[in-house]
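# Observations on the model geometry
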Amino acid sequence: METGIDSDLDSVFKLSGDGRFTVTPEVLDSYKKYGYIIIRGLLTAEESSLVEEGWNVDPYLQPGKYPQADDKGDLMELAVWDDASNDATGLVGRSENLAGAVEKLLGDEVYHYHSKFLCKPPKTGGSFIWHQDYGYWYHNSLHFPDDMCTAFIAVDDIRQDNGCLKIIPGSHKCGRIEHLKYDDQIQADLERVEYYKEKLGVQEVVLNKGDVLIFHSNILHRSDKNDSDRRRLVLAIAYNTKRNNPTKPHHHPQYKEMPKVTNDALLEWGKTKMWDSTKVFYDPRISKKHMDNIKERQVK
């Protein structure tokens, strides 16, 4: 077991000397066993800064930001969109290193299901409660959770005090768990969560800027409030396979081919910084139909 930030994690990998990431049999076995992999240094400092500019200065994204409060009233800020764009936030998700790795992990052609920035401001950034991403996506007529995953890209350094992700390794093998609506989030059955925590443990995913965590759609995860003086910004990209095309139209897209780009495409884009005006942003405060079929949690 490595020391430092990897000391409590099971599934950590790095790029090769030529800057490429290869899904070896070891990587694939680790993903299947634990339900996640971490790729250290997927993005360089320069590439990470270009992605960060998407949050800070992209003129088309700024109106798409919206606040979301947790159960204690602490606020996060999000932006959600469906199209794999031709700017920094889209090119990173279409790169051979990332999209190519996801295709190897899931075993099929993948497409961009949606992306989101999740920002926890210093001191006030709220928490996310225990859930599975498939707890949401099940209701979108998506039938095979093994064919979906999320790439969670650290745009800032992420530590315990600014709201790092907590995961239950191996919990993807437990299947879909019942979820109930709780304010603007959904929460997994806490009795089962406590059982899985006891049996499987909890790992805190500490990431450096430019690292990525790729996790199965059924991994149980949560994150605490940001109590630090530092921001916590993440770009989360959701992927689905072509063969798992949703059987009913809904607020996120059905299959659409996602052309991959070379690993240097982001840096090439950085020479011009032409932001993509075609992104359409989704605001769940306006339409909450995506949660209509989920029962409310009864607070006692």
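The structure reproduced in this document is the subject of the present report. Going along each chain's sequence as written, the residues are numbered from 1 onward. Predicted model: local features are reported for residues with pLDDT of at least 70 only, side-chain atom pairs are reported and counted for 80 or more only, and whole-chain, interface and lining totals are derived from all residues. The basis for every side-chain value is the complete set of non-hydrogen atoms in the structure, without hydrogens or water.

Let us now look at the nonpolar core. In this description, a nonpolar core means a group of buried Ala, Val, Leu, Ile, Met, Phe, Trp, Tyr and Cys residues linked to one another through side-chain atoms lying within 4.5 Å. When accessible area is computed with a 1.4 Å probe and restricted to protein chains, residues below 20% of their type maximum are described as buried, those above 50% as exposed, and intermediate ones as partly exposed. Counting 43 residues, the largest nonpolar core has I37, L98, F117, I214, L235 and Y239 as the members making the most contacts within it. Among the elements that line this core, the one with the most residues is helix α4 (residues 96-106), at six residues. Not counting chain neighbours up to four residues away, the residues in contact with L98 comprise L42, V92, G93, A151, I153, V212, I214, I237 and Y239. Membership of the second largest hydrophobic core comes to 25 residues, among which are L9, I158, C164 and F215. Comment: elements are numbered from the N terminus, with helices defined as DSSP H or I runs of at least four residues and strands as E runs of at least two. Only heavy atoms enter the contact rule, under which two residues are in contact if any of them lie within 4.5 Å.

Turning our attention to the sheet that holds strand β5 (residues 110-120). Pairing between strands requires that DSSP locate at least two bridges from one strand to the other. Here eight strands make up an open sheet; going across it, the order is β1-β2-β12-β7-β14-β5-β4-β3 and the pairing mixed. The outermost strands of the open sheet, each flanked by one partner alone, are β1 (12-14) and β3 (66-69). Neighbour-to-neighbour, the strand axes of this sheet turn through a mean angle of 25°, independent of strand direction. Sheet topology note: the strand β7 (residues 148-154)/strand β12 (residues 212-216) ladder contains five bridges and is antiparallel. Paired with T150 across the two strands is F215, which belongs to β12. Strand contacts of helix α2 (residues 45-56): β4 (75-81), β5 and β14 (232-241), with the helix running at about 70° to β5, the strand carrying the most contacts. Here an angle of 0 to 180 degrees is reported between the N-to-C directions of two axes, which are lines fitted to C-alpha atoms, with helices fitted over the stretch in contact.

This next bit is on α4. Counting buried residues in α4 gives nine out of 11 residues, a clear majority hidden from the surface. Those residues of α4 that sit buried are N97, L98, A99, G100, A101, V102, E103, L105 and L106. Note on α4: the residue one or two positions beyond its end, G107, has a positive phi of about 80°.

Looking now at the environment of D108. Summarising the element assignment, D108 is placed in the loop between α4 and β5. Judged by relative accessible area, D108 falls into the partly exposed class, the value being 23%. Separated by 136 residues in sequence, D108 and N244 place their C-alpha atoms 9.5 Å apart. Ignoring anything within four residues of it in the chain, the contact list for D108 reads E103, T241, K242 and R243. A polar side-chain atom of D108 sits 3.4 Å from the main-chain amide nitrogen of K242. In the analysis that follows, any N or O atom pair within 3.5 Å is treated as a polar contact, provided that within protein one partner can donate a hydrogen and the other can accept it, and provided that, for residues neighboring in sequence, both atoms belong to side chains.

Time to look at the sheet that holds strand β11 (residues 203-205). If you trace the four strands from one edge of the open sheet to the other, you get β6-β13-β8-β11, paired in antiparallel fashion. At either margin of the open sheet sits one strand with a lone partner, and together these are β6 (128-131) and β11. Here the average twist between neighbouring strands, direction ignored, is 25°. Direction of pairing for strand β8 (residues 165-167) relative to β11: antiparallel, over a ladder of three bridges. Across the sheet, residue L165 finds its bridge partner in β11, namely V205.

Attention now goes to the state of the cysteines. To count as a disulfide, a pair of cysteine sulfur atoms needs to be within 2.5 Å. All told, the structure shown has zero disulfides when counted by the stated rule. There is no disulfide at C119, and the cysteine sulfur nearest it, in C164, is 16 Å away. We classify C119 as buried; its relative accessible area is 5%.

Now for the pattern of salt bridges. Within this document, salt bridges are pairs made up of a side-chain nitrogen of Lys or Arg and a carboxyl oxygen of Asp or Glu, the two lying within 4 Å of each other. One pass over the full model with this rule turns up 19 salt bridges. Across the pair E53 and K273 runs a salt bridge whose closest N-O atoms are separated by 2.9 Å. Separated by 220 residues along the polypeptide, E53 in helix α2 and K273 in the segment after α7 (265-269) bring together distant segments of the chain. Linking D147 and R243 is a salt bridge whose minimum nitrogen-to-oxygen distance equals 2.7 Å. With a gap of 96 residues between them, D147 in the loop between α5 (133-137) and β7 and R243 in the loop between β14 and α7 connect regions that are remote in the sequence. By relative accessible area, R243 is classed as partly exposed at 47%. What emerges from the salt-bridge pattern is a single network uniting E52, D156, K209 and R231.

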